[in-house]
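Spelled out, the chains give:
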Amino acid sequence: MDLRRGLLALAVAALPLLPGEASATIPSSLQLTAETRQELQDIQAYLNTIRTVESDFLQTSSNGEHASGRLYMSRPGKLRVEYTPPPAILVVADGTFLIYYDKALDQVSYVPLSASPAGILLDKRINLDDPALTITDVVDDGDTVRISVVRTESAGDGSLTLFVTKSPWQLSEWEVTDAQGITTRVTLANPVFGGSLNAKLFEFRNPRMPGEGDYPSGR
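Residues numbered from 1 in each chain as written. Predicted model: local features only at pLDDT ≥ 70, side-chain atom pairs only at ≥ 80, totals over all residues. Heavy atoms only, no water.

Visitor: So what about the overall build of the protein? Which residues, and what values?
Guide: Helices and strands together make up the secondary structure of the protein, namely three helices and eleven strands. Listing each helix as α and each strand as β along the protein from the N terminus yields α-α-β-β-β-β-β-β-α-β-β-β-β-β. Put simply, 52% of the contacts in the protein that link residues at least 6 apart link residues at least 24 apart. Within the structure as shown, the protein displays about 10,700 Å² of accessible surface, and the carbon and sulfur contribution to it stands at 51%. (Helix = DSSP H or I, 4+ residues; strand = E, 2+ residues; numbered from the N terminus. Contact = heavy atoms within 4.5 Å. Areas by Shrake-Rupley, 256 points an atom, 1.4 Å probe, with all protein chains shown as cover.)

As structure tokens, then:
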């Protein structure tokens with residue numbers, strides 16, 4: 001996996017979940033206690049209190065690649081990821097599209113947000129009770145709960161693991177393993193939850209289009 005592909009894993013480090021009434025699929029090999037099931041409900045409730053996040057981040061991959069930068073998230077549907085050079089990559093979700101801008105190559109790619117796997121962190125409501133989701137593992141080490149999930153109908157596409165620390169609950173990192181077995185971990189550093197973010201952060205002005213201005217930066 002090349003560096004650019006690894007960097008894009010940050011923006012797509014999530015699985016799309018749609019609201020549902022049934023419980024998530026749980027393999028018979030995964031035995032969850034009543035206490036663990038309650039923890040999952042508590043974590044879901046916590047995740048749904050997150051409306052904005054601003055944080056530095058560190059990104060590492062199992063193939064030895066690493067990067068850092070700053071991210072901004074505003075739910076539903078908004079994300080901005082600024083990587084510390086190198087590389088010259090910007091990722092923006094504007095509520096409609098997930099946009100990848102490679103400044104070095106002067107290339108812009110648009111993916112409909114509804115068709116991207118960025119749903120779990122950007123959706124209006126995070127739903128761990130959706131049957132379209134299979135929970136493949138839950139590990140509680142006393143300080144952190146790790147929840148691993150795949151899409152029920154396309155488990156071979158890869159998996160997502162959320163790391164949520166306890167007392168109080170706080171999303172601290174996430175990890176994505178792609179179909180090729182490459183694992184990318186994103187660790188938040190000094191995150192601020194619930195702050196006010198400038199809406200212009202989530203606007204993308206294509207530099208290839210005349211009359212467009214500079215990219216917004218900061219609050």
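Visitor: Please give an account of the environment of Q41 that cites residues and values.
Guide: Position of Q41 relative to the elements: it lies in helix α2 (residues 34-47). Separated by 87 residues in sequence, Q41 and L128 place their C-alpha atoms 7.8 Å apart.

Visitor: Kindly report on the pairing of strand β4 (residues 89-94), identifying the contributing residues and their values.
Guide: With five of six residues buried, β4 is to be regarded as a mostly interior element. Bridge analysis of strand β3 (residues 78-83) against β4 gives five bridges, and the strand direction is antiparallel. Residue pairing in the sheet places K78 in a bridge with D94 of β4. Between β3 and the antiparallel strand that follows it, β4, lie five residues. The pairing of β4 with strand β5 (residues 97-102) spans five bridges and is classified as antiparallel. For V91, the partnering residue across the bridge sits in β5 and is Y100. Where β4 folds back on β5, the antiparallel hairpin that results is connected by two residues, among which G95 adopts a positive phi of roughly 100°. (Buried < 20%, exposed > 50% of the residue type's maximum accessible area, 1.4 Å probe, protein only. Pairing = 2+ DSSP bridges.)

Visitor: Give a description of the sheet that holds strand β9 (residues 158-165) that names residues and reports values.
Guide: Hydrogen bonds along the backbone pair up the strands of a sheet, which may run parallel or antiparallel. Spatially, eleven strands are ordered β6-β5-β4-β3-β2-β1-β11-β10-β9-β8-β7 in an open sheet, and the strand pairing comes out antiparallel. A strand with exactly one partner marks an edge of an open sheet, and here the two such strands are β6 (107-112) and β7 (133-140). Shown here is a sheet whose adjacent strand axes are inclined to one another by a mean of 20°, direction ignored. (Axes fitted to C-alpha atoms, helices over the stretch in contact; angles between N-to-C directions.)

Visitor: Summarise α2; cite the residues concerned and give the values.
Guide: Its 14 residues give α2 an end-to-end C-alpha distance of 20 Å, which sits within 8% of 20 Å, the value for a rise of 1.5 Å per residue. Looking at α2, one finds that the buried residues are T36, E39, L40, I43, Q44, Y46 and L47. Taken around the axis of α2, the buried residues stretch over an arc of 160°, which confines them to a single face. In this structure, α2 carries A34 and E35 as exposed residues pointing more than 90 degrees from its buried face. Looking at the buried side of α2, the elements it contacts are β7, β8 (144-151), β9, β10 (170-178) and β11 (183-193). (Expected span 1.5 Å × (residues − 1). Arc of directions from axis to C-beta.)

Visitor: I'd like a description of the environment of E39, backed by residues and values.
Guide: Mapping E39 onto the fold places it in helix α2. Note on E39: relative accessible area 9%, which makes it buried. Considered as a pair, E39 and D140 are 101 residues apart in the sequence and their alpha carbons are 9.5 Å apart. Filtering out sequence-adjacent residues up to four positions away, E39 remains in contact with D140, V145, K166 and W169.

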